[in-house]
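# Report on the structure
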Amino acid sequence: MLFSKNLRSKYYSYQGRKISKKISQSKKKLINDFYDRFSFDQSIIQYHNQKNIKQKLKFPDQFKKVNIEIGFGNGEFLIKNAISSPNELFIGIEVYLNGIAKVLTEIINLKLDNIILSNLNSFYFLETISCKSVDRIFIINPDPWTKKRHHKRRVMSYETIKLLKKIVKSKNSIFMTTDSESYIKDTERLLNKYKASFGSYKTCILSENNKLYGISRYQRKAIEKEGKIYLLTL
Ligand SMILES: C[S@@+](CC[C@H](N)C(=O)[O-])C[C@H]1O[C@@H](n2cnc3c(N)ncnc32)[C@H](O)[C@@H]1O
């Protein structure tokens, strides 16, 4: 389904990176055989194509908490969380197909039943989620897009933050880490500008004993270069 040209609609489109980067035949087969079983993508596309009444997405109700990770990369943090909290649901959104294949392999090998995957641009996924229905959202080292002309590609845009704030159940449940000082400063500026709508936030430099320290490939790359990892909690 995922490889069918006419089904790879604009909802999969993502500025800056080629979605259909090289992917092996075996990963293609894995995705063709299993992906739809662990994804809501078709319902999300239907939602967006619907002209009249739009039904927000319904999560399976057997889980105690709903977590979302945007841009999970190779899925290391997503899988670790799913293993350690089997009563919680983990929704992983990633436009990079090799990352989807990696997590799909783990889901099957480890028989995980608490992960939902999406290969869509996260913005379209977030739009289909009901208000106050998500417990925690993680955005771990998003692409920094340091050049000014590329800032509009950043995940932490005004529109996305608005959606994130709408779908979380409570304050202090959106977590973003980054090693980019310009990203953290620009996000702080944005949050200060719209403080009345977004409320308060906290930023700090992650210490080694923080649970979110060193949890992903991109974080570790920055740590190896002696970079700081900033945490924003919103
Ligand atoms: C810098 S990488 C970080 C990956 C991982 N979180 C880590 O720390 O190792 C950012 C990831 O976000 C994904 N991404 C960027 N924009 C996205 C979007 N709009 N929706 C879903 N994934 C996105 C990219 O494909 C990429 O894998």
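Treat the numbers as computed from the prediction; the structure is a model and nothing was measured. (Residues numbered from 1 in each chain as written. Predicted model: local features only at pLDDT ≥ 70, side-chain atom pairs only at ≥ 80, totals over all residues. Heavy atoms only, no water.)

## Re a positive patch on the surface
The following threshold applies: Patches here: salt-bridge-free residues with over 30% relative accessible area, like charges joined within 9 Å, nonpolar side chains (Val, Leu, Ile, Met, Phe, Trp, Tyr) joined within 5 Å. Where accessible areas are quoted, they stem from the Shrake-Rupley method and a 1.4 Å probe; at the residue level, only the protein chains shown are allowed to cover. Salt bridges are identified by distance alone: a Lys or Arg side-chain nitrogen within 4 Å of an Asp or Glu carboxyl oxygen. Counted as positive: Lys and Arg. Counted as negative: Asp and Glu, with His and the chain ends omitted from the count. For the purpose of locating charges, the reference atoms are NZ of Lys, CZ of Arg, CG of Asp and CD of Glu. The way it works is that DSSP assigns letters per residue, a run of H or I at least four long becomes a helix, a run of E at least two long becomes a strand, and they are numbered from the N terminus.
Residues Lys-10, Lys-54, Lys-56, Lys-162 and Lys-166 make up a contiguous surface patch of positive charge. Locating Lys-162 in the fold gives a position in helix α6 (residues 158-167).

## Points about the domain arrangement of the protein chain
Applied cut-off: Domain ranges listed in this record stem from an automatic or a database domain assignment. Two residues qualify as a contact provided that any one of their heavy atoms is within 4.5 Å of a heavy atom in the partner residue. Summed over both partners, the accessible area lost on bringing two parts together, with a 1.4 Å probe, is the buried area.
Here the protein chain is partitioned into domain 1 (1-130) and domain 2 (161-234). Its C-alpha centre places domain 1 at a distance of 23 Å from the equivalent point of domain 2. At the interface, 11 residues of domain 1 touch eight residues of domain 2. Overall, the association of domain 1 and domain 2 removes approximately 840 Å² of surface from exposure, summing both partners, and the carbon and sulfur fraction of that is 63%.

## Considerations on helix α2 (residues 41-49)
Applicable threshold: Only protein chains enter the accessibility calculation, which uses a 1.4 Å probe; a residue is then buried when its area is under 20% of its type maximum, exposed when over 50%, and partly exposed in between. The arc under discussion is defined with respect to the helix axis, by the directions toward the C-beta atoms.
The complete set of buried residues in α2 reads Asp-41, Ile-44, Ile-45, Tyr-47 and His-48. Looking straight down α2, one finds that the buried residues subtend no more than 155° of arc, so they occupy a single side. Tucked into the core, α2 has its buried residues touching β3 (115-118) and α5 (122-126).

## Focus on the sheet that holds β3
Let me state the cut-off plainly: DSSP-based pairing: two strands are paired if at least 2 bridges between them are found. Only C-alpha atoms enter the line fits that serve as axes; for helices the fit covers just the stretch in contact. Angles between N-to-C directions range over 0 to 180 degrees.
Read from one edge of the open sheet, seven strands run β3-β2-β1-β4-β5-β7-β6, paired in mixed fashion. Looking at strand neighbours, the two that pair on one side only are β3 and β6 (202-205), the edges of this open sheet. Each adjacent strand pair in this sheet contributes to an overall mean axis angle of 15°, direction not counted. When strand β5 (residues 174-178) meets strand β7 (residues 230-233), the two strands line up antiparallel, connected through four bridges. By the bridge assignment, Thr-177 is partnered in β7 with Leu-231. Contacting β1 (65-70), β2 (88-93), β3 and β4 (136-140), helix α3 (residues 76-84) runs over the sheet at an angle of about 170° to β2.

## Topic: the nonpolar core
If you look at soluble globular proteins, the nonpolar side chains tend to sit buried side by side. Here is the rule we go by: Remark: nonpolar core denotes a set of buried residues (Ala, Val, Leu, Ile, Met, Phe, Trp, Tyr, Cys) joined through side-chain atoms within 4.5 Å.
Phe-59, Ile-68, Ile-91 and Ile-137 are the most contacted members of the largest nonpolar core, which totals 40 residues. Counting residues domain by domain, this core receives three or more from each of domain 1 (1-130) and domain 2 (161-234). Leave out the neighbours within four places in its chain, and Phe-59 touches Phe-40, Val-66, Leu-89, Ile-91, Ile-129, Ser-133 and Val-134. Grouped together as the second largest cluster of nonpolar side chains are 19 residues, Phe-90, Ile-100, Val-103 and Ile-115 included.

## Topic: the packing of helix α1 (residues 25-34) against helix α4 (residues 97-110)
Operational definition: Each crossing is labelled by how the near helix is turned from the far one, with a counterclockwise turn of less than a right angle marking it left-handed and a clockwise turn marking it right-handed. By the convention adopted, Pro, Cys, Tyr, Trp, Phe, Met, Ile, Leu, Val and Ala count as nonpolar, Lys, Arg, Asp and Glu as charged, and the other residues, Gly among them, as polar.
Running from N to C, α1 and α4 point in directions that differ by 65°, and their axes come no closer than 10 Å. Considering only the axes of α1 and α4, their crossing is left-handed. From α1, Lys-27, Leu-30, Ile-31 and Phe-34 reach across to α4, where they touch Leu-97, Asn-98, Ile-100, Ala-101, Leu-104, Thr-105 and Ile-108. Looking at the contact of α1 with α4 residue by residue, the class counts come to eight nonpolar, two polar and one charged.

## Brief notes about α3
Buried within α3 are the following residues: Phe-77, Leu-78, Ile-79, Asn-81 and Ala-82. For α3, the elements touching its buried residues are β1, β2, α4, β3 and β4.

## Examining the environment of Lys-162
Residue class for Lys-162 comes out partly exposed when judged on its relative accessible area of 47%. Sequence separation of Lys-162 and Phe-198 is 36 residues, and the distance between their C-alpha atoms is 7.3 Å.

## Description of the pattern of salt bridges
Under the criterion given, the structure shown has six salt bridges. Put simply, Lys-169 and Asp-135 hold a salt bridge, and the shortest N to O gap is 3.1 Å. Of this pair, Lys-169 sits in the loop between α6 and β5 while Asp-135 sits in the loop between α5 and β4, placing them 34 residues apart in sequence. Asp-135 gets classed as buried once you look at its relative accessible area, which sits at 14%. The salt bridge partner of Arg-189 is Asp-186, with a shortest N-O separation of 2.5 Å. Taken as a pair, Arg-189 and Asp-186 lie in helix α7 (residues 181-193) at a separation of three residues, close to a single helical turn. Classification of Asp-186 as partly exposed rests on a relative accessible area of 22%. Members of the salt-bridge network, linked through shared partners, are Arg-154, Asp-186 and Arg-189.

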